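# Coordinate analysis (summary)
Below are the chains, spelled out letter by letter.
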Amino acid sequence: MENKKRTDAIMESLSVLDPKIVEPKMASPTDILKVHTQSHLDYVKGFAERGGGYLDYDTYMTSESYNVALLAAGGAITASEIVSEDGGWAYSVARPPGHHATRDRAMGFCIFNNMAIAIEHLREKGLDHFLIIDFDVHYGNGTADIFYDDPNVMYISIHQDPRTLYPGTGFIDEMGAGDGMGYTMNIPMPPGSNTSDYIWILSRILEPVKDEFKPSMVFLEAGFDAHKDDPLANMMIDEEFYTWMGSYMSNERVVAVLEGGYNLKALANSNLKFVKSLMGLENPIEDEIRASDFVKGIFERIRSKFPEYFKI
């Protein structure tokens, strides 16, 4: 399911664009410890040295997985450095993914939280105020947990209703804690939601949040498993959503980090559309955007929860 064929499929699809490829360096243990605990780092390293196996019921490691996970975190760091220095956008096409990994636990195919590590790397360079948009079909519980009390990181996740899908969290009422209250926003979508539903609700949320929060950089947890052909969820998204998302973000300083997507054909096609639109080579179809009454109700519930934080 989560294996090397995923990144192979993406890179083959993107080859027609002749992209500039930058080889990342491995993240160092010091980089990892900006986010994760020493005990987590030691456990993962030792687990790989002993030959690997299942960290939990769906997170598998081989003897090389520790080094591969360091390289994935390094890819996110490299992408963030490129954007911080040159502007524009960069995309870390690396695996394993990261958004389920908490400070002290690997889960959901994720070993280290690649994006969080990149964000903490940038903070040491003096940057702050980051907006994260997570469009993986699963709630990024690890990323949300790491920044849950942080008012300088706004985390927005659109995902399948957690009553129907792993990891079982990511409800509207989960809004942050302490100084970070109001800086976590969850958009739980009903199974069967389509591209029009996603665009309708995101277009009403992202712009006012960006205008008020004024991020120095936008991070995308780029999951492609909301696609209608993906085996792990129950959504009806097609490639046009990823075209819209790339086009919408094309004028921002953007770091995208690969997360999920497990139908290889859908993953390849969606990534091609996403990257072409980031490059300004493709625009979304100008269809009328509508949403179901259920999705409109979700929007109203979110809007009623956030008036003192963001005017949606």
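The structure contained in this document is the topic of the report that follows.

Rules and cut-offs
Residues numbered from 1 in each chain as written. Predicted model: local features only at pLDDT ≥ 70, side-chain atom pairs only at ≥ 80, totals over all residues. Heavy atoms only, no water. Helix = DSSP H or I, 4+ residues; strand = E, 2+ residues; numbered from the N terminus. Rg over C-alpha atoms; globule rule 2.2 N^0.38 Å. Buried < 20%, exposed > 50% of the residue type's maximum accessible area, 1.4 Å probe, protein only. Contact = heavy atoms within 4.5 Å. Areas by Shrake-Rupley, 256 points an atom, 1.4 Å probe, with all protein chains shown as cover. Lys, Arg positive; Asp, Glu negative; His and termini not counted. Charge placed at Lys NZ, Arg CZ, Asp CG, Glu CD. Pairing = 2+ DSSP bridges. Right-handed = clockwise from strand over helix to strand, strands pointing away. Phe/Tyr/Trp six-rings, centres within 6.5 Å; stacked < 30°, edge-to-face > 60°. Patch = residues over 30% accessible without salt bridge, like charges linked within 9 Å, V, L, I, M, F, W, Y side chains within 5 Å. Salt bridge = Lys/Arg side-chain N within 4 Å of Asp/Glu carboxyl O. 1 Å grid on protein atoms, 1.4 Å probe; cavity = no way out; pocket = protein on both sides within 12 Å on 5 of 7 lines; lining within 4 Å. Points joined across faces, edges and corners; volume = space filled by probe spheres on them. Nonpolar A, V, L, I, M, F, W, Y, C, P; charged D, E, K, R; others polar.

## Points about the overall build of the protein chain
Across its full length, the protein chain carries 10 helices and 8 strands. For 312 residues, the compact-globule estimate of 2.2 N^0.38 gives 20 Å, and the protein chain sits close to it at 18 Å. Relative to its 312 residues, the protein chain shows a buried fraction of 58%. Pairs at least 24 residues apart make up 78% of the contacts formed inside the protein chain by residues separated by at least 6 positions. Total accessible area computed for the protein chain in this model is approximately 12,900 Å², and 49% of it derives from carbon and sulfur atoms. Side-chain charges in the protein chain split into 28 positive and 47 negative, and the spacing between the mean points of these groups amounts to 1 Å.

## Things to note about the environment of Phe 306
Relative to the helices and strands, Phe 306 is located in the segment after α10 (293–305). On the accessibility criterion, Phe 306 (1% relative accessible area) is buried. Residues Phe 306 and Tyr 155, spaced 151 residues apart in sequence, show a C-alpha to C-alpha distance of 14 Å. For Phe 306, the residues in contact, after removing those within four places along its chain, are Met 175, Gly 182, Thr 184, Met 185 and Ile 312.

## Considerations on the pairing of strand β5 (residues 153–160)
Summarising burial for β5: 8 of the 8 residues are buried, a large majority. Summarising the sheet, strand β4 (residues 130–134) and β5 pair through 5 bridges and their orientation is parallel. Opposite Ile 133, over in β5, you have Ile 156 as the bridge partner. Between β4 and its parallel partner β5, the chain crosses via helix α6 (residues 141–146), and the hand of that crossover is right-handed.

## Overview of the packing of aromatic side chains
In total, this model carries 21 aromatic pairs according to the counting rule given. Between Tyr 66 and Phe 112 the ring centres are 6.3 Å apart and the planes differ by 75°, which places this aromatic pair in the edge-to-face class. Of the two residues, Tyr 66 sits in helix α4 (residues 65–86) while Phe 112 sits in the loop between β3 (89–92) and α5 (114–124), which places them 46 residues apart along the sequence. Pairing Phe 109 with Tyr 262 gives two aromatic rings, centres 5.5 Å apart and planes at 65°, and the pair type is edge-to-face. You can see Phe 109 sitting in the loop between β3 and α5 and its partner Tyr 262 sitting in the loop between β8 (254–258) and α9 (264–278), a full 153 residues away along the chain. With a relative accessible area of 11%, Tyr 262 lands in the buried category. An aromatic cluster is built from Tyr 91, Phe 135, Tyr 198, Phe 224, Phe 241, Tyr 242, Trp 244, Tyr 248 and Phe 274, whose rings are joined through pairwise contacts.

## Some words on a negative patch on the surface
On the surface, a cluster of negative charge is contributed by Asp 104, Asp 145, Asp 149 and Asp 179. Mapped onto the elements of the fold, Asp 179 is located in the loop between β5 and β6 (184–189). On the accessibility criterion, Asp 179 (63% relative accessible area) is exposed.

## What about the layout of surface pockets?
The volume enclosed by the largest pocket comes to roughly 930 Å³. Taken together, 27 residues line the largest pocket, and the ones lying closest to its centre are Ile 21, Val 22, Tyr 91, Ser 92 and Val 93. Every element with two or more residues in the lining of the largest pocket is listed here: α1 (4–14), α4 and β3. Per-element tally for the lining of the largest pocket: the top contributor is α4, with 8 residues. Residues of the lining of the largest pocket, tallied by class, amount to 18 nonpolar, 4 polar and 5 charged. In this structure, the second largest pocket encloses a volume near 290 Å³. Put simply, the parts of the chain that give the lining of the second largest pocket at least two residues each are β2 (60–61) and α4.

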